[in-house]
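Structural description and commentary
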Amino acid sequence: DVAIMILTYIMLGWGLNIVVGLAGLLDLGYVAFYAVGAYSYALIATTFGWSFWICLPLAGILAAFAGILLGFPVLRLRGDYLAIVTLGFGEIIRLILLNWYEFTGGPDGISRIPRPSFFGFPFARKSEETTFHELFGLEYSTMHRIIFLYYLILILALITNFFTMKIRNLPVGRAWEALREDETACRAIGINPTNTKLTAFAIGAMFGGFAGSFFATRQAFISPESFTFIESAIIVAIVVLGGMGSQTGVVLASIFLIGITEIFRDLEQYRMIAFGGAMVLIMVFKPKGILANRKPTILMHGDKK
C-alpha cells in the first residue's frame with residue numbers, strides 16, 4: 001500500500017517534470033489537474049456507471065483541457081509571476097469543488113466510487129457475476145485488489161516515463177528544452193512559445209489527470225481536502241529535489257520524501273519535521289537536486305566521449 005502511494009507521487013512527479021523540468025515553467029497549481037482527473041472519474045463513474053477503463057482516458061483528456069485553459073492566461077508570464085498565477089489557478093479549482101455543492105458534493109465529497117475490476121471480473125462479490133478469485137480458483141483475500149492496484153499504477157507510471165523519454169527526442173521535446181534555457185533565443189530561432197507552452201501544460205496535465213482517476217478509484221471517496229496547496233508543494237519539491245528534468249531523480253526523491261513520511265507516521269507530530277528535515281538535508285548537500293547532471297538531448301557535434 002505504501003508502494004502504491006510512492007508510485008502515485010512518482011507518476012505525478014514525472015507529469016510535472018514535463019512542465020517544470022523540461023519546459024522550465026514553474027507550476028505551483030499542478031494539484032488542480034490531479035483534482036480534475038479524480039473528480040472527472042468519480043462523477044462519470046457514479047453518474048453513468050462506466051468502468052474504470054473507459055473513464056481513465058476521459059479523465060486524462062478533461063485534465064489536458066484544464067491545462068490548456070491554464071496555459072492561455074500565462075503565455076506572457078515568466079518566473080515568479082507565472083508561479084503566482086498557477087498557484088491561484090489551483091486554489092480556484094479547489095474552491096469550485098468546495099462550493100459547487102450540487103455538482104461536486106462540496107465538502108461532503110463523492111463516495112461509493114466504483115473500484116476497478118480485472119477486465120470485468122470484480123474482486124468482491126456484488127451480484128451473481130464471477131469474481132476474480134473464483135476465476136482463478138483462489139481463496140478470497142482483500143490483498144488481491146491491493147496487489148492489482150499496485151501493478152496498475154506501476155504500468156501507468158511506466159507508460160508516463162516511456163512517453164516522456166520518447167517525446168524528449170521529438171521536435172516538441174527539444175522546443176521545451178530550448179524554452180527552458182532561454183525564451184528570447186527560443187523565439188528568435190523561430191520556435192513558437194505559445195504552442196510550446198500549451199503543449200507542455202496539456203501533456204503534463206493529462207498525466208496528472210490519469211493519476212487523479214487512479215487516486216479516486218483507489219480511495220473510493222474524494223473530497224476537496226485531498227487537493228490542497230500542500231499537495232502541489234510536495235510534487236514540486238519532488239521534481240526540484242530530484243533534479244530538474246531528471247526522470248530517475250523524481251523516483252529517488254519520491255522514495256526519500258514519501259517513504260520518510262510513512263516511516264515516521266506512527267510518531268504523528270514528528271512526521272512533518274522528518275519531511276522538512278529530509279528536504280533541508282538534500283538542499284544542503286545536493287543544492288541542484290539528487291541527480292543534477294542535465295545532459296542536452298542533442299549535441300551539435302556529438303558526444304566526444
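Structure: above.
Report follows, based on the coordinates. (Residues numbered from 1 in each chain as written. Predicted model: local features only at pLDDT ≥ 70, side-chain atom pairs only at ≥ 80, totals over all residues. Heavy atoms only, no water.)

A few points about the overall build of the chain
Note the following rule: To qualify as a helix, a DSSP run of H or I must reach at least 4 residues; to qualify as a strand, a run of E must reach at least 2; elements of each kind are numbered from the N terminus. Relative accessibility under 20% of the residue-type maximum defines a buried residue, over 50% an exposed one, and the middle range a partly exposed one, all with a 1.4 Å probe and only protein chains included. The contact definition used throughout considers only heavy atoms, calling two residues in contact when any of these lie within 4.5 Å. For accessible areas, the Shrake-Rupley method is used with a probe of radius 1.4 Å. Any residue's cover is judged against the shown protein chains and nothing else.
Secondary structure summary: the chain contains 13 helices and two strands in total. The burial tally for the chain puts 49% of its 305 residues in the buried class. For the chain, the proportion of contacts with a sequence separation of at least 24, taken over those separated by at least 6, is 73%. Accessible surface computed for the chain: about 15500 Å², of which carbon and sulfur atoms make up 66%.

Examining unusual backbone geometry
Phi at R112 takes a positive value of approximately 55°, unusual for a residue other than glycine. By secondary structure assignment, the location of R112 is in the loop between β1 (110-111) and α6 (132-135). At A220, a position not held by glycine, the phi torsion is positive, near 65°. Inspection of the secondary structure puts A220 in the loop between α10 (193-219) and β2 (221-222).

Overview of helix α4 (residues 79-99)
Turn by turn, an α-helix covers 3.6 residues, leaving residues three or four places apart pointing in a common direction. Filter applied, for reference: Take the number of residues in a helix, subtract one, and multiply by 1.5 Å to get its expected span. Note: the arc covers the axis-to-C-beta directions of the helix.
With 21 residues, α4 ought to run about 30 Å at 1.5 Å a step, and its terminal C-alpha atoms sit 31 Å apart, in line with that. Considered for burial, the residues of α4 that qualify are L82, A83, T86, F89, G90, I93, R94 and L97. Projected down its long axis, α4 carries its buried residues within an arc of 130°, all on one side. Exposed and facing more than 90 degrees away from the buried side of α4 are D80, Y81, I84 and N99.

A look at a nonpolar patch on the surface
The condition is simple: Note that patches include only residues with greater than 30% relative accessible area and no salt bridge, and the join distances are 9 Å for like charges and 5 Å for nonpolar side chains (Val, Leu, Ile, Met, Phe, Trp, Tyr). Each salt bridge in this description consists of a side-chain nitrogen of Lys or Arg and a carboxyl oxygen of Asp or Glu lying within 4 Å of one another.
A cluster of nonpolar side chains, I92, I96, W100 and F103, forms an exposed patch at the surface whose accessible area comes to about 410 Å². Mapped onto the secondary structure, W100 falls in the loop between α4 and α5 (101-104).

Section: the packing of aromatic side chains
How two aromatic rings sit relative to each other is given by the distance of their centres and the angle of their planes. Where we set the bar: Only Phe, Tyr and Trp rings take part, Trp by its six-membered ring, and two of them pair if their centres are within 6.5 Å. Stacked means planes under 30 degrees apart, edge-to-face means over 60, and tilted covers everything else.
In total, this model carries 13 aromatic pairs according to the counting rule given. Relative to F89, the ring of F33 lies with its centre 6.0 Å away and its plane at 40°, an arrangement referred to as tilted. One end of the pair, F33, is in helix α2 (residues 31-48); the other, F89, is in helix α4, and 56 residues separate them in sequence. This pair shows no difference in class: F33 is buried, exactly as F89 is. A ring pair is formed by Y34 and F215, whose centres lie 5.5 Å apart and whose planes are at 50°; its orientation type is tilted. Taken together, the positions of Y34 in helix α2 and F215 in helix α10 put the pair 181 residues apart, joining distant regions of the chain. Taken individually, Y34 and F215 each receive the classification buried, so the pair is uniform in this respect.

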